[in-house]
Amino acid sequence: MLLNPFTPSEIAGSPEEFFGRSREIRILERSIQQGSVVIQGPVGIGKSSLLSRIRLHMEGFDSDNKSKSIVVAGNKNIETIDQAAHLLLSEFISVDEIKNEAKIKLGNIVEVGSSEVIHNFKEGRHLAVLKRVLNEDYLQRVLNDGDYLILAIDEADKCPVPLARLMRSICTVTQQQGVKGVRFILSGVTPFIEEIIEEDPGVNRFFSKRIDLAPLSSDESEDLLETKLNKVVQHAKSLGVNIIFEPIILKRIYELSGGHPHLLQLLGYHVIENEETNPDGKIDRYDLVNSIRNICYEDRATVYNSILHKIEVFGKLESLNILISNMANGFPSRISRSAARKLVDPNDIDWFIQNSILSMPTANHYGLIDEFLRAKMILDSLDTIDEQVEKEVYLLNQVPTPEEEDWEPDDM
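Residues numbered from 1 in each chain as written. Predicted model: local features only at pLDDT ≥ 70, side-chain atom pairs only at ≥ 80, totals over all residues. Heavy atoms only, no water.

> Sorry, what's going on with the packing of aromatic side chains here?
Aromatic rings considered in pairs are described by the distance between their centres and by the relative angle of their planes. According to the stated counting rule, one finds 2 aromatic pairs in the structure shown. Residues Phe-314 and Trp-351 carry aromatic rings whose centres are separated by 5.4 Å and whose planes lie at 40° to one another, so their mutual orientation is tilted. Within this pair, whereas Phe-314 is found in the loop between helix H13 (301-313) and helix H14 (317-325), its partner Trp-351 is found in helix H16 (residues 346-354), the two being separated by 37 residues in sequence. For Phe-314, a relative accessible area of 48% puts it in the partly exposed group. The class of Trp-351 is buried, set by a relative accessible area of 12%. Centre to centre, the rings of Trp-351 and Phe-352 are 5.7 Å apart; their planes meet at 75°, and the pair counts as edge-to-face. Note on accessibility: Trp-351 and Phe-352 belong to one class, buried. In textbook terms, an aromatic cluster arises when at least three aromatic residues are bridged by ring pairs, as seen for Phe-314, Trp-351 and Phe-352. Note that Lys-228 overlies the ring of Phe-6, its terminal NZ or CZ placed 5.8 Å from the centroid. (Phe/Tyr/Trp six-rings, centres within 6.5 Å; stacked < 30°, edge-to-face > 60°. Helix = DSSP H or I, 4+ residues; strand = E, 2+ residues; numbered from the N terminus. Buried < 20%, exposed > 50% of the residue type's maximum accessible area, 1.4 Å probe, protein only. Lys NZ or Arg CZ within 6 Å of the ring centre and 35° of its normal.)

Below you can see the structure in the form of structure tokens.
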């Protein structure tokens, strides 16, 4: 059985699974010194993975930092500021209501001797408890001088209003008390930060940086793909099985995914599974062709059907068809901003951006966030769908180099 190292359903939390984003990590590290930060972007762009990686970096992995951090995930059931405070407290405070004991769990175990803390916790006044423990007296016992306590909240888009109120309260109180080491990292789907600022415009001053994640570059994408495909080859070799991969598929997978991390992992996963199901000793363009069909019509069929239904309900389908038909052949999908706004109502383009259909990968171009939405729409428009048609539409519509055209597997 072939090893399949592609993990489209998992956060790339461990360093060996994390690829690229070195620039973003440097920016975040520097920005945290100045204040809280925001990571936002479309679904599957790698926000949670970057959040996990910057936490490790700030805790000292591959760096000289020695900060402490906790991470929680927001959810739609959080409706009040006390519920938001409890979400954080549950990760670093343990309370024994029977013994009337409370402890801070941040590396060193620190006793919280205040009866007021215990009483407020029992009464559900969790904001008051959080304010009490985030003071210099307690934090200096768990943090070294110059280090930070990082309160990381993923899925912040699920409850932006209570988080806005929480940040306002905590940041204001800690700063008034001279506590300098508390930082928030909020991560969520665009445009959640606008909802936070709309709730409380003053919260914006607590953020030193906002990172809007873009897809991985071609180099970063191909590094991820080549590393994982080499793992497949080496694992097969250890089992006495000879297998190779066609080098051009690194480029083709990047083009089809647009560098979108989830789609890179998804397409890589299906390519391996297709070779497992239809083995011929080569991971090549034919595995890629079959993977496109699996993604569009099986793995993510309900997702794309739901997106297209929503677009149609809001009366935007004609505009999307016009944009796609005017995009240049090949992937990733691109159309100039000036051309797009002449072809369709600019309000429709804004709607596509707000609903994570389009993004602005460059200052002068729009592009689809999920390239397979375009793939499915093109396939749906064909009278017949077979392997040869798919191959011509998706793989050979880009002019191959002589090396690609003449590629033959080496004898193993």
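> Help me understand the side chain of Ser-69, please; the structure alone is not making it clear to me.
The residue Ser-69 is located in strand S2 (residues 68-73) in this model. For Ser-69, the side chain forms a polar contact with the side chain of Arg-55, separated by 3.0 Å. A polar side-chain atom of Ser-69 sits 2.3 Å from a polar atom in the side chain of Glu-59. Leaving out residues up to four positions away in the same chain, Ser-69 has contacts with Arg-55, Glu-59 and Ile-150. (Polar contact = N/O pair within 3.5 Å; in protein donor to acceptor, adjacent residues only side chain to side chain. Contact = heavy atoms within 4.5 Å.)

> Would you take a moment to explain the sheet that holds strand S12 (residues 358-362) for this structure?
Whenever strands of a sheet pair, they do so through backbone hydrogen bonds, lying parallel or antiparallel. Read across the open sheet, the 3 strands follow the order S11-S13-S12; overall the sheet is antiparallel. Single-partner strands in this sheet number two, and they are strand S11 (335-336) and S12. The pairing of S12 with strand S13 (residues 365-368) spans 3 bridges and is classified as antiparallel. Looking across to S13, one finds that Thr-362 is bridged to His-365. (Pairing = 2+ DSSP bridges.)

> What exactly am I supposed to notice about the sheet that holds strand S1 (residues 36-41) here?
The strand order across the open sheet formed by 5 strands is S2-S6-S7-S1-S8, and the pairing between neighbours is parallel. Across the chains shown, the open sheet's two edge strands, defined by having one partner strand only, are S2 and strand S8 (207-212). If you compare each strand with its neighbour and ignore which way they point, the axes differ by 15° on average. Pairing of S1 with strand S7 (residues 182-189), which is carried by 5 bridges, proceeds in the parallel orientation. If you follow Ile-39 over to S7, its bridge partner there is Ser-187. Seen against the sheet, helix H2 (residues 47-59) touches S1, S2, strand S6 (149-154) and S7 and runs at an angle of roughly 160° to S7. Across the sheet, helix H7 (residues 160-176) lies against S1, S6, S7 and S8, angled at about 165° from S7, the strand it touches most. (Axes fitted to C-alpha atoms, helices over the stretch in contact; angles between N-to-C directions.)

> What should I look at first to understand the pattern of salt bridges in this one?
Pairing of side chains with opposite charge becomes possible as their charged atoms draw close. Evaluation of the coordinates by the stated rule reveals 14 salt bridges. For Asp-350, the salt bridge goes to Arg-341, with nearest N and O atoms at 3.0 Å. For Asp-350, a relative accessible area of 29% corresponds to the partly exposed category. A residue is classified by how much of its surface remains accessible, and Arg-341, at 32% relative accessible area, is partly exposed. Within the structure, one salt-bridge network assembled from shared partners comprises Glu-155, Asp-157 and Lys-158. (Salt bridge = Lys/Arg side-chain N within 4 Å of Asp/Glu carboxyl O.)

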